[in-house]
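Chains, contacts and geometry: an overview
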Amino acid sequence: MNDTYCPECKRPTEVVFDHSAGDTVCSDCGLVLEAHSIDETSEWRTFANDSADNDPVRVGGPTNPLLADAGLSTVISKPNGSSGDLFTTSLGRWQNRGANPDRSLLQAFKTIATMSDRLGLVTTIKDQANEIYKKVEDQKPLRGRNQDAILAACLYIACRQEDKPRTVKEICSVANGATKKEIGRAKDYIVKQLEVEMGQSVEMGTIHAGDFLRRFCSNLGMTNQTVKAAQEAVQKSEELDIRRSPISVAAAIIYMITQLSDDKKLLKDISVATGVAEGTIRNSYKDLYPHASRIIPSWYAKEEDLRNLCSP
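About the cut-offs
- All residue numbers refer to positions counted from 1 along the written sequence of the respective chain.
- Given that the model is predicted, a residue must reach a pLDDT of at least 70 before its local features are reported, and side-chain atom pairs must reach 80 or more before they are shown or counted; all residues, however, enter totals for whole chains, interfaces and linings.
- To obtain the side-chain values, all non-hydrogen atoms of the structure were used and water was disregarded.
- Secondary structure elements are taken from DSSP: a helix is a run of H or I of four residues or more, a strand is a run of E of two residues or more, and numbering for both begins at the N terminus.
- We call a residue buried when its accessible area falls under 20% of the maximum for its residue type, exposed when it is over 50%, and partly exposed in between, using a 1.4 Å probe and counting protein chains only.
- The protein chains shown are the only cover counted for residues, whose accessible areas, like all others here, come from Shrake-Rupley with a 1.4 Å probe.
- Here the expected length of a helix is defined as 1.5 Å per residue gap, with one fewer gap than residues.
- The arc in question is formed by the directions pointing from the helix axis toward the C-beta atoms.
- Throughout this description, the term nonpolar core refers to a set of buried Ala, Val, Leu, Ile, Met, Phe, Trp, Tyr and Cys residues connected via side-chain atoms within 4.5 Å.
- The contact rule is simple, with two residues in contact once any of their heavy atoms fall within 4.5 Å.
- In this analysis, axes come from line fits to C-alpha atoms, helices being fitted only over the stretch in contact, and the angle between any two N-to-C directions falls in the range 0 to 180 degrees.
- Note that the term roughly parallel is reserved for angles under 35 degrees, roughly antiparallel for angles over 145, roughly perpendicular for angles of 65 to 115, and oblique for everything else.
- Left-handed describes a crossing in which the near helix is turned anticlockwise from the far one by less than a right angle; the clockwise case is right-handed.
- Under the scheme applied, nonpolar residues are Ala, Val, Leu, Ile, Met, Phe, Trp, Tyr, Cys and Pro; charged residues are Asp, Glu, Lys and Arg; polar residues are all the others, including Gly.
- Only centres within 6.5 Å qualify two rings of Phe, Tyr or Trp (six-membered ring in Trp) as a pair; their planes then separate them into stacked at under 30 degrees, edge-to-face at over 60, and tilted for everything else.
- One side-chain nitrogen of Lys or Arg within 4 Å of one carboxyl oxygen of Asp or Glu is enough to make a salt bridge.

Per an unreviewed UniProt entry, the recorded name for the protein chain is TFIIB-type domain-containing protein, and the organism is Xanthoceras sorbifolium.

Quick look at the structure:
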């Protein structure tokens, strides 16, 4: 209860709010001061199958403009949660008879969401991958192609476009058996299809060694000081004409930085953490070694330390 002015009592008085009718009533004379007011407080209701689950959900899922029904159609669930058989009920049989034009799309979006979760990607990347797949699927050229490779390639392109690139090997690790070669072919195919649809080249963004460095360092358990030194070295290496892939440069710099620290990392461990072959890291290191004094931060290593740095 709270105080408000009552015109009948001619003085401030306590009022009572009748939630069922939406009326504000004077507690002394019973005069309705406000009728049918809108209750703007939360209206939590639970639709969980298990009554013990106190899940404050009162709305359905968000709309999805990529689906024909915008994701607003009703789906009949199994009786008793997931333990029953959906198709033993008459309603379930009727639902099974109806054709769902979005069935394949929903399955594809679910697979993309699973891969995104396993890679720890943000929602914007997942949504972008869904949109890319929808554009390609609308052209109906996917029959007979490796679906897992197509979905993985959509996710790879989305990561590039959102400036959060992942290596093909990282994408391959969650791609349900699709190989790097298959994902690469699917990526080229999707880009070609998108360019035909839009009538212009597809912008996927430029990848840099720094895009992968922090994640690689985290996989290796490197200290903050070595990570900072590696980041500075990567930035300076971009000024050089090192004709190696950014991923190989990042792996080689990590190897170089750790060789100057007390916590040295084996070449095979760096290969596992970065997904770059040991031979590729070694060759990239050879290209960077002549420029060590230029790219290694002076606060991290002295001239004497650089002279003692192992030659390739």
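1. Focus on the overall build of the protein chain
The helix and strand inventory of the protein chain stands at 13 helices and four strands. The buried share of the protein chain, taken over its 312 residues, is 36%. Per element, the accessible surface of the protein chain, about 19200 Å² overall, is 47% carbon and sulfur.

2. Some points on helix α2 (residues 103–119)
Over its 17 residues, α2 runs 25 Å from end to end, which matches the ideal 24 Å to within 8%, given 1.5 Å per residue. Buried within α2 we find Leu105, Ala108, Phe109, Thr111, Ile112, Met115, Ser116 and Leu119. Buried residues of α2 fall within an arc of 160° about the axis and therefore sit on the same side. Exposed positions of α2 whose direction lies more than 90 degrees from the buried face are Lys110, Asp117 and Arg118.

3. Quick word on the nonpolar core
Core analysis: the biggest nonpolar cluster contains 38 residues, and Ile253, Ile254, Met256, Ile257, Leu288 and Ile296 have the highest contact counts within it. At the level of elements, α7 (210–220), α8 (224–237), α9 (246–259), α10 (267–274), α11 (278–288) and α12 (292–295) are the ones that each hand at least two residues to this core. Of all the elements, α9 adds the most residues to this core, at nine residues. Look past the residues within four positions of Ile257 in its chain and what remains in contact with it is Thr226, Ala229, Ala230, Ala233, Ile296 and Tyr300. Among the nonpolar cores identified, the runner-up in size contains 36 residues, and Ala108, Leu121, Ala178 and Ala186 belong to it.

4. Describing the packing of α7 against α9
Between α7 and α9, the least distance of the axes is 10 Å, while the angle of their chain directions is 45°. The angle between α7 and α9 places the two elements in the oblique class. As α7 runs across α9, the sense of the crossing is right-handed. For the pair α7 and α9, the contacting residues are Phe212, Leu213, Phe216, Cys217 and Leu220 in the first and Ile247, Ala250 and Ile254 in the second. The residue makeup of the contact of α7 with α9, split by class, is eight nonpolar, no polar and no charged.

5. Details of the packing of aromatic side chains
One pass over the full model with this rule turns up four aromatic pairs. Here the aromatic rings of Phe212 and Phe216 are separated by 6.0 Å at their centres, their planes lie at 15°, and the arrangement is stacked. Taken as a pair, Phe212 and Phe216 lie in helix α7 at a separation of four residues, close to a single helical turn. Considered together, Phe212 and Phe216 belong to a single accessibility category, that of buried residues.

6. A short note on the packing of α7 against α10
The geometry of α7 relative to α10 is characterised by a closest axis approach of 9 Å and an angle of 125° between their N-to-C directions. Between α7 and α10, the angle falls in the class oblique. Crossing angle aside, the handedness with which α7 passes α10 is right-handed. Here Phe216, Asn219 and Leu220 of α7 come into contact with α10, specifically with Asp269, Ile270, Ala273 and Thr274.

7. A short note on the pattern of salt bridges
In this structure the tally under the stated criterion is eight salt bridges. Among the ionic pairs, Asp188 bridges to Lys187, the shortest N-O distance being 3.5 Å.

8. Observations regarding unusual backbone geometry
Even without being a glycine, Asp163 presents a positive backbone phi close to 60°. Tracing the backbone shows Asp163 in the loop between α4 (147–161) and α5 (168–172). One non-glycine residue with positive phi stands out, namely Asn176, at about 55°. Position of Asn176 relative to the elements: it lies in the loop between α5 and α6 (180–198).

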